[in-house]
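Examining the three-dimensional arrangement
What follows is the residue order along each chain.
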Amino acid sequence: MGILALLVFIAVTVVMNVPLKRPISESLLVALLATALVGGKDALSLLWTGVWGALDNDVTFAGMAFVFMGVIVSATGLIERLIEIFNSVFGRLRGGAAYVSTAGSAAIGLVAGSTAGNAATVGSVTIPWMKENGWSGARAATLVAGNSGLGVSLPPNSTMFIILATPAAVGVSAGDVYVSLFAAGAYCVLYRMLVVFIWTRRDGIRRTDSRHLATFGQALSTGWTSMTIFVGILIPVLLTFGPLFNWLESEARIGEAAMGEISIIVWVPILISAIALVEGRKRLRGNWGHLRRAIRAEAPQFATVGISLFAALAASNIMSELGVGPQLSETLAQLQLPKPLLVLVVCLTAVLVATPLSSTATAAAIAAPAVIALGTVDVPAVVAICAILVCTSTEGASPPVGAPIYLSAGMAEVSPQKTFVPLIIWFVVPIIAIAWLIAMGWLPIPS
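Here is a short report on the structure shown in this document.

Calculation notes
Counting from 1, residues in each chain are numbered in the order their sequence is written. The model is predicted, so local features are restricted to residues of pLDDT at least 70 and side-chain atom pairs to those at 80 or more, both for listing and for counting; the totals for chains, interfaces and linings are taken over all residues. The side-chain numbers reported here are obtained from all heavy atoms of the structure, hydrogens and water having been left aside. Segments assigned H or I by DSSP are reported as helices when at least four residues long, segments assigned E as strands when at least two residues long, and all are numbered from the N terminus. As a reference, a globule follows 2.2 Å times the number of residues to the power 0.38, and the radius of gyration itself is taken over C-alpha atoms. Think of it in three bands: residues with accessible area under 20% of the maximum for their type are buried, residues over 50% are exposed, and the middle band is partly exposed, with areas taken using a 1.4 Å probe on protein chains only. A contact between two residues is defined here by any heavy atoms of the two lying within 4.5 Å. Areas reported here follow the Shrake-Rupley algorithm with a probe of radius 1.4 Å; residue values treat only the protein chains shown as occluding. The positive count covers Lys and Arg only, the negative count covers Asp and Glu only, and His and the chain ends enter neither. In plain terms, the charge of a residue is placed at NZ if it is Lys, CZ if Arg, CG if Asp and CD if Glu. A patch consists of residues exposed above 30% relative accessible area that lack any salt bridge, with like charges linked at up to 9 Å and nonpolar side chains (Val, Leu, Ile, Met, Phe, Trp, Tyr) linked at up to 5 Å. When a carboxyl oxygen of Asp or Glu lies within 4 Å of a side-chain nitrogen of Lys or Arg, that pair is called a salt bridge.

Turning next to the overall build of the protein. Assigned secondary structure in the protein consists of 25 helices and zero strands. Computed over C-alpha atoms, the radius of gyration of the protein comes to 22 Å, within 12% of the 22 Å expected from 2.2 N^0.38 for 447 residues, which places it in the range of a compact globule. Its C-alpha atoms put the protein at 75 × 55 × 40 Å along the principal axes. Within the protein, buried positions represent 54% of all 447 residues. Sequence-distant contacts in the protein: of pairs separated by 6 or more residues, those separated by 24 or more amount to 81%. Entry remark: accessible area of the protein is about 18700 Å², with carbon and sulfur atoms responsible for 66%. For the protein, the centre of its 24 positive side-chain charges and the centre of its 21 negative side-chain charges are spaced 17 Å apart.

Quick look at the structure:
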């Protein structure tokens, strides 16, 4: 019954979201009800168990808290000041605008998980700048669309929370996933920096006139406070992972039980939001109406994320009650595929599903069987989750439906079709390779 419930959940979600073009939150709610009905006479009892478990899970709060955090960071202009610092470092290099675009996408990926939002925010600033400095419009659009996946391959993002809500993630620490995904995302950032280096040489991009650029010291003196955003990440990480955590969890100090109550996915958005409000107080002074309007504009996104996470968590609890985990493990073990091939099949499946669907919908549809499949060849659950997230991050770079492709092409004033082949060659295929190497353990991440 567990596998049947999973298949029903996937089928209803995909049909509602793709052919019927219903919002993902609505699709997941209908899929939740359909999943409960698989239980027959126990449907109401299963639905109650699932709903109660979802309401009691901090993932639901965290997902909406990160959306709020993104609004605060954007409204205070913190990211703009951070990009100015990046510009002072990379702007003097050949192809400097492209390096800044990549670093900016990574910075935004750390505070907001939307691929389209990442492309729109970074592209509006860096695409005109890249074109002014010798990059073609097609190259600029390709880079911004390809980099948009950093919104998913770096924590936090709603896709990560959806996977944490699946039966396959039972017993997996959200803090461990956060730290491990940070490491996996770092590989993706480094690869993109390498792409910029290669393109700079191939396209003959020259070093730009840096006389009007602020020095690193000048940029730091005016915008150093923007760097405090990373303190909001560092503190929860140190308190939930590593030597400081191990020292504090001693019964002679704070104790294991109390330290175990600290949730990284709850405290990161709270601390970053507070830091952004303090750091950007001068910009907000006398302009609080701008912040209120930004929050009102994001109200639909709050609802979408909250409802989607709630429905996915509740459905996950129902599937768990019906025994999906053991049943899937037994079925997949019977296939007896060699580890390299099984890992590749899982990665390709995640990318193919993420092409028509959003990364969130992909995670809701296939994350559980994907994690369990990787588990049958001894891939640790945390590593499996990170590999799948890296795969689904290709959503924005996968022709022909990735929204960032069209956003970037529009800003660069080029035909989207000109980016299709370069995106596949330079971003989709290599990102699959990175995910495969992570799952195989050849690109190590904490697990």
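With respect to the helices and strands, Thr331 occurs in helix α20 (residues 324-333). When the C-alpha positions of Thr331 and Thr376 are compared, they lie 9.8 Å apart, and in sequence the two are 45 residues distant.

Let us look at a nonpolar patch on the surface. Together, Leu335, Leu337, Leu341, Leu344, Val345, Leu348 and Leu352 line one region of the surface with nonpolar side chains, adding up to about 590 Å² of accessible area. Looking at the element boundaries, Leu335 is found in the loop between α20 and α21 (339-354).

The subject of this paragraph is the pattern of salt bridges. Summed over all chains, the structure comprises four salt bridges. A salt bridge links Arg22 to Glu26; the shortest N-O distance between them is 2.9 Å. Given a relative accessible area of 29%, Glu26 falls into the partly exposed group. Asp203 is the partner of Arg139 in a salt bridge, and the nearest nitrogen-oxygen pair spans 2.8 Å. Remark: Asp203 occurs in the loop between α11 (174-202) and α12 (216-223) and Arg139 occurs in helix α8 (residues 137-147); sequence separation between them is 64 residues.

Let us look at the side chain of Ser226. Looking at the secondary structure, you find Ser226 in the loop between α12 and α13 (231-240). Not counting the four nearest positions on each side in its chain, Ser226 is found in contact with Leu78, Arg81, Leu82, Ile85 and Glu279.

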